[in-house]
Amino acid sequence: MSSNLTTLVILVTLLHVGVFVIMIMIRLRRDEPGTAGESAKIKSCAVCSQPATHLGYDGLDPDERHDPHTGRSYSIDMTHYQPLCATH
Ligand SMILES: [Zn+2]
């Protein structure tokens, strides 16, 4: 009877160790440079770090232009554009 209990305890311990190892592997896989490279392709929002959907003018170009119809300022210099998410 006590040997059955010992076997059960060993089995449960092995199960826990197995789950623990799997969780560590999942965590390591997330931190791999490969996955980081994939997320780097999608630029993150310059304001809130959410995935960016478009480029937005930062308003800092000394030679900025104004749209005669909408009055919105814009730049012909692409270095003044930064990735922004849908809300920014
Ligand atoms: Zn944002």
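Owing to the predicted nature of the structure, the values given are computational and were not obtained by experimental measurement.

Asker: It is not clear to me how unusual backbone geometry should be interpreted in this structure. Could you clarify?
Answerer: Leaving glycine aside, a negative phi is the common case for residues, and trans is the common case for peptide bonds. One non-glycine residue with positive phi stands out, namely Ser 49, at about 70 degrees. Looking at the secondary structure, you find Ser 49 in the loop between helix H2 (33–41) and strand E1 (54–57).

Asker: Would you explain the side chain of Asp 61 in this entry?
Answerer: Structurally, the position occupied by Asp 61 is in the loop between E1 and strand E2 (65–66). Despite being buried, Asp 61 has no salt bridge partner; Arg 65 is the closest side chain of opposite charge, sitting 6.4 Å away. Ignoring any residue separated from it by four or fewer positions in sequence, one finds Asp 61 in contact with Ser 75, Ile 76, Asp 77 and His 80.

Asker: Could you clarify how one ought to interpret the environment of Thr 87 in this entry?
Answerer: Secondary-structure assignment places Thr 87 in the segment after strand E4 (81–84). Looking at Thr 87, the relative accessible area reads 67%, which means it is exposed. Measuring from C-alpha to C-alpha, the distance between Thr 87 and Gln 50 comes to 9.5 Å, with 37 residues separating the pair along the chain.

Asker: Could you clarify how one ought to interpret the side chain of Ser 75 in this entry?
Answerer: For Ser 75, the position within the fold is in the loop between strand E3 (73–74) and E4. For Ser 75, a relative accessible area of 6% corresponds to the buried category. A distance of 2.9 Å separates a polar atom in the side chain of Ser 75 from the backbone nitrogen of Asp 77. Not counting residues within four places of it along the chain, the set of residues in contact with Ser 75 comprises Tyr 57, Asp 61, His 80 and Tyr 81.

Asker: What am I meant to see in the pattern of salt bridges here?
Answerer: A side chain of one charge can pair with a side chain of the opposite charge when the charged atoms of the two come close. For the structure on display, the rule yields one salt bridge. A salt bridge links Arg 65 to Asp 63, with the shortest nitrogen-to-oxygen separation between them at 3.3 Å. For Asp 63, a relative accessible area of 45% translates into the label partly exposed.

Asker: Whenever I open this one, the coordination of the zinc ion confuses me. Can you help?
Answerer: Working reference: metal with six octahedral donors, ideal angles 90 or 180 degrees; metal with four tetrahedral donors, ideal angle 109.5 degrees. Distances from the zinc ion to its protein donors, namely Cys 45 (SG), Cys 48 (SG), Cys 85 (SG) and His 88 (ND1), fall within the range 1.9 to 2.3 Å. Considering all four donor atoms around the zinc ion, angles at the metal cover 101 to 119 degrees and the coordination shape is tetrahedral. Classification of Cys 45 by relative accessible area gives buried; the value is 3%. Judged by relative accessible area, His 88 falls into the partly exposed class, the value being 40%.

So, how was this worked out
- Residues numbered from 1 in each chain as written.
- Predicted model: local features only at pLDDT ≥ 70, side-chain atom pairs only at ≥ 80, totals over all residues.
- Heavy atoms only, no water.
- Helix = DSSP H or I, 4+ residues; strand = E, 2+ residues; numbered from the N terminus.
- Buried < 20%, exposed > 50% of the residue type's maximum accessible area, 1.4 Å probe, protein only.
- Lys, Arg positive; Asp, Glu negative; His and termini not counted.
- Salt bridge = Lys/Arg side-chain N within 4 Å of Asp/Glu carboxyl O.
- Contact = heavy atoms within 4.5 Å.
- Polar contact = N/O pair within 3.5 Å; in protein donor to acceptor, adjacent residues only side chain to side chain.
- Donors = N, O, S within 2.8 Å, 3.2 Å for Na, K, Ca; no water.
- Tetrahedral: all angles 85-135°; square planar, octahedral: opposite > 155°, others 65-115°.

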